[in-house]
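# Coordinate inspection notes
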Amino acid sequence: MSATTRRGFLAKSVLGGGAAFGLSSLLGARSSEAFAAEVDRRYDIKSGDWIPSCCNMCGGQTGILCQVVDGRLVRIKPNDANPAGFSNISDDFFANCRTEGASMCPKGNAGIMTLYDPDRLARPVRRTNPKKGIGVDPGWTEISWEEAYSEIARRMKALLDAGTPEALLWWSEDHSFTHIQGDFCQLFGTPNYSNHSNLCDTARKASFKAVTGDERPLMDAIQSRYILLFGWNPLGATKWSLLPRILTRGQERGAKLVVVDPYFSATARKAQEWIPIRPSTDGAMALAMAHVIIRDGLYDKKFVEEWTHGFDRFSDYVKDKTPAWAEKISTVPAGTIERIAREFATTQPSLADVWSGPGQHSNAVHGGAAIACLNALTGSYDRPGTLHLPNKKGNAHGHLHADKPKAPRFADDNKLYPMFHGSGVYCEIFKKLAEGTGNYPAKMGMIVFQNPMMSVPGTETVAKALSNLEFLVVNDIFLSETAQFADIVVPGTLFLERYDWNTQWVTWPVLALRQPVVKPIFGQPAEYEFICELGRRLGLRDQDGKEFFRIGALSGRPVESLSAWYEEYLSSESKNGAPKMTLEEIKALPGATWVDKGGTKYEKYRKEMSTEDLAKATCVKTQVGGIEVEQLWDKPKDQGGKKIGTRIGGKAVKGFATPTGKVEFVLTCLTGKKDAEGKPCADLPVYEPRDWQPDAQYPLYLINWKEATHTHSRTQNNRWLLELQPGNPLQVNTKTGARLGLRDGDQAWVESKFGKMKVTVHLTEEIHPEVVGTQHGFGHWALGEEAKGRGSSDSGLRPTRADPIGGQAMHKQCCVRIYRA
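Residues numbered from 1 in each chain as written. Predicted model: local features only at pLDDT ≥ 70, side-chain atom pairs only at ≥ 80, totals over all residues. Heavy atoms only, no water.

The next subject is the environment of Met 285. By the element assignment, Met 285 lies in helix α12 (residues 282–295). Residue Met 285 is classed as buried on the basis of its relative accessible area of 0%. For the pair formed by Met 285 and Leu 115, sequence separation is 170 residues and the distance between their alpha carbons is 45 Å. (Helix = DSSP H or I, 4+ residues; strand = E, 2+ residues; numbered from the N terminus. Buried < 20%, exposed > 50% of the residue type's maximum accessible area, 1.4 Å probe, protein only.)

Structural data, given as structure tokens:
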């Protein structure tokens, strides 16, 4: 067991030469300053190789350069050849990146401390205590990799032999080796592969997909003149490292930044105007803005007439949605709404965007759609300074010659949620697993690079769900809270030890390589090698009878090495994707990043289809929203085809990816549908109050947020990041605190009807008086010695429930009371 402990890590791994420093040096370098001094003392930092890669400390995938000296990583800095750390607009990147340089956030710089964290799991371990529960000691005993592989494969084979492959449930992170995991599940025969996205932004994806057909439009802040953000904190949460630059450069060039948020976030601090709002009421404010814009004739009449559907119905709907109506709902003064609406419509180009703040409540999808419709009124899609519909061509996931799994998904989440996202609905799955109400018994679970005990609402429900599995395998770098429920835990790798492709979140095609900059420090297999080995032991074959995990994707010949097989798998994806280059060829590019020289394209919806494409297209005439639409498909829909254009005004154009080919005020994808709770879906972006409101017993809204100092619940063991943010005190408005008799620094209980947490109170003017809130991710009782006992987790204060249309976990829907401890 000693190899899995802190002392064992240091004695067997660090002193054995597998990590960066000797024992005394590592323990001494507790701060970033001490670490830098130790590097300067021990290494010639003018020597060594700089290896390009991509960060994965969060989902931003920033391009990085890693300095390696004598096989040890000593420094990380931004990669100027990768636009993810600079700009999402090609002209800006090509013209300015060499002189200004790219950037990265603190999490990326601190990646080195996670790589060499003494609490990392070094060897596979097996549970000896059959009892499972929060705080229960698993009684870990170390086992060999052969023992781990043998037992896991034996358990999986038993499901295959019983004809119940669907009894395997699989969860993973959404930015890492997802293709190979999806391929494994399909070949195995389980439909139950799910990943992290539905814990993050699937409500936003549903909102914009309903209105524009694109799940993730990107803001062009650097060319905008007016930026209106609802519940998004890009300067704090920093989803992509380019965001702080493009926002501040946009302001320097004259843009006004307005932030609508209950909390005075890092972005609100830089804005020209902060508008505090009652949580979940953003949609009402957006509808009132639309009322003003239409009433005063301030909308882009040409765009609305040519490129939108359902304007008349929408216009009728907002006639009574006045600023005074919205003020009563949102607490935003009517005069402010009126002024912001006029500014937004008349200061062009403008954009309105929304993310997780309004997106994690029961009314999220329609509220987000109302905000998306503001852009429709001003023609703010795919034009300079607006929201872009990105061209995401990159690597091509190879077509798998295998039957789709025959069984339905365990939780029927793909049928219940009308705008179901391919990542699944964690809340629905864990709830039914806990209740035993799935379509069939689920017997085995595989969790890769995820910690649902900390990240899914309803901690007790998740604990019961995991305990109900007969056998659970966790692949992680730490013995996390979720790992405490596993029967076997195998050590994973950090992004600095493995491969992956990254289609960067910019507006034009870019493909960047994540590659190992050091060897896995315990000699452990990368996650994709672990999966490949299981596939080989199970003899998984495709429809052609080939052992998928033995035959090279390009060569068609057996490949013995697991790593070489995966490199060929990746090479096939890039060769058959937009770059038309192999893995090795992309490695040789500056920054190991392929950048399409064609750059950002505007108004792509206007592009007429070529004669060649028209000749190949399948024409489908269909009734959509009461009108006949002539859709053009690359092949028939029942053969897996996709819509590639629409005939509009007699021209065959790319159009928008909605059923009508236009931006939709009437959400035709919801017409006639019911939500997961059986209620009819409105096909207008209506405002309805969320279904959990404050009352006399629980009078305050509780929200949470993320900052650049930490990633979800993943980084609270990182010493450098703990220097920046060691805990998460509860932010309470000073007037609210005075009314409740609370003082700054008090210990207090925050209680909902589902649970309670103990917090440290911080009194501030920087939060709405009806709201309290805290940074998400703290409150660990496992993970590592640095993480344990720091701060509070609010996951247990909410039920395990998702928004009923898009399946987004409702992390911000909670009502509480506070009292001194």
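Reading across the sheet, the four strands line up as β21-β22-β23-β24 and stay open at both edges, with antiparallel pairing between neighbours. Every interior strand has two partners, whereas the edge strands, β21 (618–624) and β24 (651–653), have only one. Ignoring strand direction, the axes of neighbouring strands in this sheet form an average angle of 30 degrees. In the sheet, β21 pairs with strand β22 (residues 627–633) via seven bridges, with the strands oriented antiparallel. Within β22, the residue paired with Cys 619 across the bridge is Leu 632. (Pairing = 2+ DSSP bridges. Axes fitted to C-alpha atoms, helices over the stretch in contact; angles between N-to-C directions.)

The next point concerns unusual backbone geometry. In this model, Gln 348 is joined to Pro 349 through a cis peptide bond whose omega is 0 degrees. A positive phi is found at Asp 70, a non-glycine position, where the angle reads about 55 degrees. On the secondary structure map, Asp 70 appears in the loop between β2 (63–69) and β3 (72–78). Of note in the backbone geometry, Glu 603 takes a positive phi value of approximately 45 degrees without being a glycine. Judged by its relative accessible area of 26%, Glu 603 falls in the partly exposed class.

What follows is about the packing of aromatic side chains. With the rule as written, the count across this model stands at 35 aromatic pairs. A ring pair is formed by Tyr 605 and Phe 656, whose centres lie 4.6 Å apart and whose planes are at 20 degrees; its orientation type is stacked. Residue Tyr 605 is found in the loop between β20 (593–595) and α26 (611–616), and its partner Phe 656 is found in the loop between β24 and β25 (663–664); the two are separated by 51 residues along the sequence. Like Tyr 605, the residue Phe 656 is buried in the burial classification. Three or more aromatic residues joined by ring pairs make a cluster, and in this case those are Trp 170, Phe 177, Phe 184, Phe 188, Tyr 528, Phe 548, Phe 549, Trp 565, Tyr 566 and Tyr 569. Geometry around Trp 140 places Arg 127 over its ring, the cationic atom sitting 5.9 Å from the centre. One cation-aromatic arrangement involves Arg 216 over Trp 505; the distance from NZ or CZ to the ring centre is 4.5 Å. (Phe/Tyr/Trp six-rings, centres within 6.5 Å; stacked < 30°, edge-to-face > 60°. Lys NZ or Arg CZ within 6 Å of the ring centre and 35° of its normal.)

One open sheet accounts for seven strands, arranged β5-β4-β17-β16-β15-β6-β7; its pairing is mixed. Every interior strand has two partners, whereas the edge strands, β5 (141–142) and β7 (193–195), have only one. Where helix α20 (residues 426–435) meets the sheet, its contacts fall on β6 (168–172) and β7, and the angle it forms with β6 comes to roughly 140 degrees. (Contact = heavy atoms within 4.5 Å.)

In this section: the pairing of β3. The side chains of a regular strand alternate, residue by residue, between the two faces of the sheet. Pairing between β2 and β3: six bridges, direction antiparallel. The residue bridging Val 69 from the neighbouring strand is Arg 72, located in β3. The antiparallel hairpin formed by β2 and β3 contains two residues in its connecting segment, where Asp 70 sits at a positive phi of about 55 degrees.

Estimates place the volume of the second largest pocket at around 450 Å³. Residue lining of the second largest pocket: 23 residues in total, with Thr 459, Glu 460, Lys 756, Gly 796 and Leu 797 positioned closest to the centre. Secondary structure elements with two or more residues in the lining of the second largest pocket: α21 (452–455), α22 (459–468) and β29 (756–764). (1 Å grid on protein atoms, 1.4 Å probe; cavity = no way out; pocket = protein on both sides within 12 Å on 5 of 7 lines; lining within 4 Å. Points joined across faces, edges and corners; volume = space filled by probe spheres on them.)

The next thing to look at is the domain arrangement of the protein. The domains assigned to the protein are domain 1 (1–42), domain 2 (125–192 + 416–504 + 510–565), domain 3 (213–388), domain 4 (608–654) and domain 5 (700–820). Each of domain 3 and domain 5 was reduced to a C-alpha centroid, and the two centroids are 27 Å apart. Of the residues lining the interface, 23 residues belong to domain 3; the matching set on domain 5 comes to 23 residues. Across the domain 3/domain 5 interface, buried area totals approximately 1900 Å², and carbon plus sulfur atoms make up 58% of it. It is Tyr 263, Gln 360 and Ser 362 that lose the most area in domain 3 upon contact with domain 5, and together they represent 34% of the buried surface on that side. Seen at the junction of domain 3 and domain 5, the total is two salt bridges. Secondary structure elements with two or more residues in the side of domain 3 that touches domain 5: α11 (266–270), α17 (356–359) and α18 (364–378). Top contributing element to the side of domain 3 that touches domain 5 by residue count: α17, with three residues. Grouping the constituent residues of the side of domain 3 that touches domain 5 by class yields 10 nonpolar, 11 polar and two charged. (Domains from an automatic or database assignment. Buried area = accessible area lost by both parts, 1.4 Å probe. Salt bridge = Lys/Arg side-chain N within 4 Å of Asp/Glu carboxyl O. Nonpolar A, V, L, I, M, F, W, Y, C, P; charged D, E, K, R; others polar.)

So, about the nonpolar core. Membership of the largest hydrophobic core comes to 98 residues, with the highest contact counts inside it found for Met 219, Leu 228, Met 289, Phe 314 and Tyr 381. Discounting chain neighbours no more than four positions away, the residues touching Tyr 381 are Phe 208, Val 211, Thr 212, Ala 372, Asn 375, Ala 376, Thr 386, Leu 387, Leu 389, Tyr 605, Phe 656 and Val 663. Formed by 53 residues, the second largest nonpolar core is a distinct cluster that contains Trp 145, Tyr 528, Met 581 and Trp 594. (Core = buried A, V, L, I, M, F, W, Y, C linked by side-chain atoms within 4.5 Å.)

Let us now look at the side chain of Asn 363. With respect to the helices and strands, Asn 363 occurs in the loop between α17 and α18. Polar side-chain contacts of Asn 363 include one of 3.1 Å to the backbone oxygen of Ser 280. For Asn 363, the residues in contact, after removing those within four places along its chain, are Ser 280, Tyr 687, Glu 688, Pro 689 and Arg 690. (Polar contact = N/O pair within 3.5 Å; in protein donor to acceptor, adjacent residues only side chain to side chain.)

We now examine the packing of α12 against helix α16 (residues 334–346). Between α12 and α16, whose axes approach to 9 Å, the crossing angle comes to 60 degrees. The chirality of how α12 crosses α16 is right-handed. Side by side, α12 and α16 meet where Met 285, Ala 288, Met 289, Val 292, Ile 293 and Arg 295 of the first sit next to Ile 337, Glu 338, Ile 340, Ala 341, Arg 342, Phe 344 and Ala 345 of the second. Of the residues that constitute the contact of α12 with α16, the class distribution is 10 nonpolar, no polar and three charged. (Left-handed = near helix turned anticlockwise from the far one by under 90°.)

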